[in-house]
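Chains, contacts and geometry: an overview
The lines below spell out each chain.
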Amino acid sequence: MHPLVLAILGWIALTDSRTHRIPNRLLFILGIASLVTANFEGYPLRNHLQAFIVVISAAIFLSYFCGLGMGDLKLLAILSFFVLPPHLASYQIFLSVVTLTALAYSIIISRGDFAKSVQVPLAPAIFLGTLIAANVK
């Protein structure tokens, strides 16, 4: 993963953790940086499109039924198309890390009171999941 994309993704995670919002401006910058730094030699466009469609479908479902924010949905769309490898194993690692990180964060913020409803910023968990999934070969 290119250091510029990593820095922008880190900035998005920091912004989301502070404000619970992901600005469209930062997502646009991430999309442009990902497009510019992507290596299109040997780029499996069909595989990325299939992964993109699956991720967007699942994210829209989670947005509608589970309250996933639109900023998180757009962030997942950009990452699935430009940054994450289109292999099932990388998405399994990504999903596992995101789920465990968000769960740990929600337990910490709720102080173990599972009846308490908390808002969890997902961009930090997505950042960690992307960092791990993109670097696993």
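Here the structure is a predicted model, which means the values were calculated and not measured. (Residues numbered from 1 in each chain as written. Predicted model: local features only at pLDDT ≥ 70, side-chain atom pairs only at ≥ 80, totals over all residues. Heavy atoms only, no water.)

Counting its regular elements, the chain contains 6 helices and 0 strands. Starting at the N terminus and ending at the C terminus, the chain contains elements arranged as α-α-α-α-α-α. In terms of overall size, the chain behaves like a compact globule, its C-alpha atoms giving a radius of gyration of 15 Å where 137 residues would be expected to give roughly 14 Å. Each principal axis of the C-alpha atoms in the chain carries an extent, and together these give about 50 × 25 × 25 Å. Counting the 137 residues in the chain, one finds 38% classified as buried. Counting contacts in the chain only where the partners sit at least 6 residues apart, residues at least 24 apart contribute 71% of the total. Entry remark: accessible area of the chain is about 8,300 Å², with carbon and sulfur atoms responsible for 68%. With 8 positive and 4 negative side-chain charges, the chain shows a separation of 4 Å between the mean positions of the two kinds. (Helix = DSSP H or I, 4+ residues; strand = E, 2+ residues; numbered from the N terminus. Rg over C-alpha atoms; globule rule 2.2 N^0.38 Å. Buried < 20%, exposed > 50% of the residue type's maximum accessible area, 1.4 Å probe, protein only. Contact = heavy atoms within 4.5 Å. Areas by Shrake-Rupley, 256 points an atom, 1.4 Å probe, with all protein chains shown as cover. Lys, Arg positive; Asp, Glu negative; His and termini not counted. Charge placed at Lys NZ, Arg CZ, Asp CG, Glu CD.)

A word on the environment of glutamine 92. Mapping glutamine 92 onto the fold places it in helix α5 (residues 88-110). According to the relative accessible area criterion, glutamine 92 is partly exposed, its value standing at 47%. Placed 70 residues apart in sequence, glutamine 92 and isoleucine 22 show a C-alpha to C-alpha distance of 24 Å.

Before going further, it helps to spend a moment on the nonpolar core. Counting 31 residues, the largest nonpolar core has Ile12, Leu30, Leu75, Leu76, Leu79, Phe94 and Ile126 as its most contacted members. Of all the elements in the fold, those that place two or more residues in this core are α1 (3-19), α2 (24-37), α3 (45-66), α4 (70-83), α5 and α6 (123-135). Of the residues forming this core, the biggest block, 7 residues, is contributed by α4. (Core = buried A, V, L, I, M, F, W, Y, C linked by side-chain atoms within 4.5 Å.)

Following the criterion strictly, the structure yields 4 aromatic pairs and no others. Aromatic side chains phenylalanine 61 and phenylalanine 65 sit 4.8 Å apart centroid to centroid with 50 degrees between the ring planes, which places their arrangement in the tilted category. Taken together, the residues phenylalanine 61 and phenylalanine 65, both in helix α3 and 4 residues apart, mark about one turn of the helix. The exposure class assigned to phenylalanine 61 is partly exposed, which follows from its relative accessible area of 47%. Judged by relative accessible area, phenylalanine 65 falls into the exposed class, the value being 55%. Ring centres of phenylalanine 81 and phenylalanine 82 lie 5.1 Å apart, and the angle between their planes is 85 degrees; this geometry places the pair in the edge-to-face category. (Phe/Tyr/Trp six-rings, centres within 6.5 Å; stacked < 30°, edge-to-face > 60°.)

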